[in-house]
Amino acid sequence: MNNNNFRKQAHQLVDWMADYLENIEQYPVKSKVKPRQIYEQIPTTAPNQGEAMTHIFADFEAQIMPGITHWQHPNFHAYFPASSSYPSVLAEMLTATIGAQCMIWDTSPAAAELEERVMEWLQQMTGLPSNWVGVIQDTASTATLTAILSAREKLTNNAINKKGFEGNANMRVYCSQETHSSIEKGVKIAGIGANNLVEIGVDDALAMQPKLLAAAIQKDIQNGLQPLCVIATLGTTGTTAIDPLKPIADICEKHDLWLHIDAAYAGSALVLNNYQWMIEGIEKADSLVFNPHKWMFTNFDCSAYFVKDKQALLNTFEILPEYLKTKVDTQVNNYRDWGIPLGRRFRALKLWFVIRSFGVAGIQQRIQSHISMAQNLAIEIKNHPDFEILAPTHFNMICFRYHPKGKNEAALNQLNEQLLQALNDTGKVYLTHTKIKGKYTLRLVIGQTYMEQRHVDKVWGLVQGLVSNLV
Ligand SMILES: *Cc1c(COP(=O)(O)O)cnc(C)c1O
């Protein structure tokens, strides 16, 4: 392909992209293909001779698109959204075209300096302490691992980085029973060991109980173990429960423990004043992560990691081989030292495009509108005699189930599993589930960037229509 062909193909692709987004509601939200169906269609060996782009693109439409789940469909209510938006897509096109590898300042000063600035913007927008610093990571999983590793090195004065675990095999990490699986993964990778992850009990709203946390830490100290780090979640993945930060932070301060806040999804709500109470006590915390790629209209991947002690981060990850030394190292941020990978994409560009294109007020308005639509629907569901809400609707995610009279728990679980299947089989909506205290629960997230009230009406209408056919 030469530049002329590229220009022609790219123009056609942009038309395809705009058509796709314009007509996205015509696709089945969740892909209907069977396991192995896509794989079997792809030739067993790579082509020896180059193929024409028209040919490749025809196969993309015929073979790949049927196996796509349409995350940008406004009736995608599953998991948490992986949001996108027009300005974000435009930036991704530029990022791909420029193709820069932004590991250090020298390898693209604009990437490093724009990242520093947009992270300051996000910090102000979300009301995080002004003495913290931010860096973009690929995912919240990586950011949390980064926090655990930093805590580990800070506690041991970089001994484990130097000597391995000798004499330090008794560290403990605390989180709630409702915490995301990435915490356990991080604890395993960091060498702490999954058996040293202590899951603290939750209250009726599924939030961590500080009293139980304090007791668990006390018990560990008595047993000669070494408390390392507490991970509090603002907006758990199962139900968007909110751990009470202030009492947790007080406990961490008392024992001098690293407090990491996993706000991967719900952190975006901090742009609204009436959610600032969630981070009361944050000045005693050490780090926080939230994902603009979930609920701030920025394409995956873009995870915002903020840390109080920049030096603890650098002490953990800094490495300076001769071939990476530059003359400006003392004046600039070399983000390869702020996390795990050396190589980095230019992710700040899409965030810059998104924040400028929507404006802070536009982002606030859209997030508030998602929350309002969800909370209004939650009231309707609550008022319906045959449905019930199973967890507080703190944000824009509703946990509910069908609950006709005269059914026992086993029958209700079966009915709701059938309901979820029936809903997803329509192809018009996509929801996922969780279990709350053994109860099969439907999770309905209202968070796709461009969704409107009519999409909420559609899913609620479908739910009510389908339950009459369940037996
Ligand atoms: C989604 C989620 C994560 C993981 O996010 P990734 O960016 O995919 O690693 C972690 N914690 C919570 C609470 C989440 O909702």
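Residues numbered from 1 in each chain as written. Predicted model: local features only at pLDDT ≥ 70, side-chain atom pairs only at ≥ 80, totals over all residues. Heavy atoms only, no water.

## Describing the overall build of the protein chain
When its secondary structure is counted, the protein chain shows 15 helices and eleven strands. For the protein chain, the C-alpha radius of gyration of 24 Å lies close to 23 Å, the compact-globule estimate for 471 residues. Taken over the C-alpha atoms alone, the protein chain extends approximately 70 × 60 × 45 Å along its principal axes. Split into buried and exposed, the 471 residues of the protein chain put 51% on the buried side. (Helix = DSSP H or I, 4+ residues; strand = E, 2+ residues; numbered from the N terminus. Rg over C-alpha atoms; globule rule 2.2 N^0.38 Å. Buried < 20%, exposed > 50% of the residue type's maximum accessible area, 1.4 Å probe, protein only.)

## Focus: the site of the ligand
Neighbouring the ligand are 13 residues, the closest being Ala140, Ser141, Asp262, Asn291 and Lys294. One nitrogen or oxygen atom from the main chain of alanine 140 is found 2.8 Å from an oxygen atom belonging to the ligand. Lysine 294 is positioned with one of its side-chain polar atoms (N or O) 2.9 Å from an oxygen atom of the ligand. Look at the ligand: alone it shows 380 Å² of surface, and the protein chains cover 89% of it. If you list the elements that add at least two residues to the shell around the ligand, you get α6 (140-155) and α11 (292-295). (Near = heavy atom within 4 Å. Polar contact = N/O pair within 3.5 Å; in protein donor to acceptor, adjacent residues only side chain to side chain. Areas by Shrake-Rupley, 256 points an atom, 1.4 Å probe, with all protein chains shown as cover.)

## Remarks on the domain arrangement of the protein chain
Considered domain by domain, the protein chain is made up of domain 1 (1-30 + 69-99 + 359-471) and domain 2 (100-345). Just the C-alpha atoms count here: the centres of domain 1 and domain 2 sit 28 Å apart. Carbon and sulfur atoms make up 63% of the area that domain 1 and domain 2 hide from each other, which totals about 2800 Å². Of all residues in domain 1, the largest losses of buried area upon contact with domain 2 belong to Phe80, Ile367 and Phe395, amounting jointly to 25% of the total for that side. Connecting domain 1 to domain 2 are one salt bridge. (Domains from an automatic or database assignment. Buried area = accessible area lost by both parts, 1.4 Å probe. Salt bridge = Lys/Arg side-chain N within 4 Å of Asp/Glu carboxyl O.)

## Some details on the nonpolar core
Membership of the largest hydrophobic core comes to 71 residues, with the highest contact counts inside it found for Leu122 and Val230. With nine residues, the top contributor of residues to this core is helix α13 (residues 348-383). Residues from two domains meet in this core; each of domain 1 (1-30 + 69-99 + 359-471) and domain 2 (100-345) gives at least three. Not counting residues up to four positions away in its chain, the partners in contact with leucine 122 are Phe290, Pro292, Met296, Ala304, Phe306, Leu351 and Ile355. (Core = buried A, V, L, I, M, F, W, Y, C linked by side-chain atoms within 4.5 Å. Contact = heavy atoms within 4.5 Å.)

## Comments concerning the pairing of strand β7 (residues 303-307)
Most of β7 sits inside the fold, with five of its five residues counted as buried. Alternating residues of β7 divide into Ser303, Tyr305 and Val307 and Ala304 and Phe306, and every residue in both groups is buried. The pairing of strand β1 (residues 133-137) with β7 spans five bridges and is antiparallel. Paired with valine 135 across the strands is tyrosine 305, a residue of β7. For strand β6 (residues 287-290) and β7, the ladder comprises four bridges, and the chain directions are antiparallel. Paired with phenylalanine 290 across the bridge in β7 is alanine 304. (Pairing = 2+ DSSP bridges.)

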